[in-house]
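# Report on the structure
So you can see what is in the structure, the chains are spelled out below.
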Amino acid sequence: MSTYLVPDQNTCHQPTSITGENQIPTEEEQAYKKLDEKLKGLLATLPKDKGWRSANIYLHEGFWLSPQVIKGLLMINNYFHAQSTDIFLAAFMKCGTTWLKALMFATANRHRYSFSDHPLRRNGPQSAFPFLDTHIFLDYPITKFEHLPSPRMFATHFAHSLLPTSMSSPSSTCKFVYVCRDPKDALISKWHFMSKLRSKELPPLSFNEAYELFCNGVSEYGPFWDHVLGYWKASQESPEKILFLKYEDMKKEPSVELKKLAAFMGMPFSAEEEKGGVVGEIVKLCSFENLSNLEVNNEGGGAQKFTAQVVVENRDFFRKGKVGDWKNYLTEEMRERIDSITETMFKNSGLTLGLTKEA
Ligand code: A3P
């Protein structure tokens, strides 16, 4: 279920389960046990609040995370070492990860596959490359992702300040593509998504409750604004290391943004490719209309296993794919409050995002 494409081999890699039938050697078992103990001790010391999917989330180093995700973070810090050629896709939840996964994969592998018979069509964008936050402990042994060809690509929702220095230090040459979105649309998208994943043992999270939590920063991987600001500042300091994209710009001018992306990834389109329509082909292949209609992204098409508890159907990564759906949910007063948080938080940063007067 939790698979990702291995370019060149044109196959899906199936991580070996660490919890299932496979025998785990003692050393590995001990490492897991130690980590569980560390997590337990850590959780006992952290402030907690209401989770959107599970009962509680915890404030860890300034960001709200579920226990499973904190475990992933501990593992990343303990076991993951970025390579100089790695490219990370980072985003707050529901800001365009799926879209960017498809675009980055299609761009990096454009010489390998024909657009009409492309692995993305069969497997969908979630399979394009691993989601570091959870795949690090779905793979066994605690994965080094060594089987992935260079440049390795990974997605993460973790805030910039939480990442190990092998990834985030300006002196390491690995790169980040960060995509963000109007917080109002991120809120709507996240509420829909998390409501689907929410444990059936819990009462549903009403929209008003989600809105209140979101405004207070209490939302998995959030506060939203600190997440965006962390990557924004890092991108200002090291523009060669972090490409900062906005969902809205991509919707408006996908070809322009795709060309930026390809150049940043060190794989610029040649004049010949541009003339041959390669940019347009990738935009079309990765469009919401195309991806959301693929069999693999429809009912029964498949699912992604993020943790033992969290399995997400591929189709749930696609909803409307539009800018401004918040207008169907937020009152004027609610809009005003979110916009004013954005304005205050981003003041003097040079960043604007989703302000109504900007549109
Ligand atoms: P909506 O819920 O507003 O429709 P993520 O991939 O980070 O989880 O974000 C999901 C959001 O991106 C959802 O937004 C989803 O519909 C939208 N999305 C998914 N694939 C897309 C694509 N190819 N183009 C544009 N938007 C896309």
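Residues numbered from 1 in each chain as written. Predicted model: local features only at pLDDT ≥ 70, side-chain atom pairs only at ≥ 80, totals over all residues. Heavy atoms only, no water.

## Things to note about the site of the ligand
Near the ligand lie 18 residues; those nearest to it are Thr-97, Thr-98, Ser-189, Lys-320 and Gly-321. Here Thr-98 contributes a side-chain N or O atom positioned 2.5 Å from an oxygen atom of the ligand. Residue Ser-189 places a side-chain N or O atom 2.6 Å away from an oxygen atom belonging to the ligand. Coverage of the ligand by the protein chains reaches 98% of its 560 Å² of free accessible surface. Secondary-structure elements contributing two or more residues to the shell around the ligand are helix 3 (97–108) and helix 14 (288–293). For the shell around the ligand, the class distribution of residues is eight nonpolar, six polar and four charged. (Near = heavy atom within 4 Å. Polar contact = N/O pair within 3.5 Å; in protein donor to acceptor, adjacent residues only side chain to side chain. Areas by Shrake-Rupley, 256 points an atom, 1.4 Å probe, with all protein chains shown as cover. Helix = DSSP H or I, 4+ residues; strand = E, 2+ residues; numbered from the N terminus. Nonpolar A, V, L, I, M, F, W, Y, C, P; charged D, E, K, R; others polar.)

## Examining the pairing of strand 8 (residues 175–180)
With five of its six residues buried, strand 8 lies for the most part within the structure. Note that strand 6 (residues 87–91) and strand 8 share five bridges and pair parallel. Among the inter-strand pairings, Phe-88 is bridged to a residue of strand 8, identified as Phe-176. When strand 8 meets strand 9 (residues 242–246), the two strands line up parallel, connected through five bridges. Residue pairing across strands places Phe-176 opposite Ile-242, the latter belonging to strand 9. (Buried < 20%, exposed > 50% of the residue type's maximum accessible area, 1.4 Å probe, protein only. Pairing = 2+ DSSP bridges.)

## Remarks on helix 2 (residues 67–79)
With 13 residues, helix 2 ought to run about 18 Å at 1.5 Å a step, and its terminal C-alpha atoms sit 18 Å apart, in line with that. Every buried residue belonging to helix 2 is among Val-69, Ile-70, Lys-71, Gly-72, Leu-73, Leu-74, Met-75 and Ile-76, and all of these are buried. (Expected span 1.5 Å × (residues − 1).)

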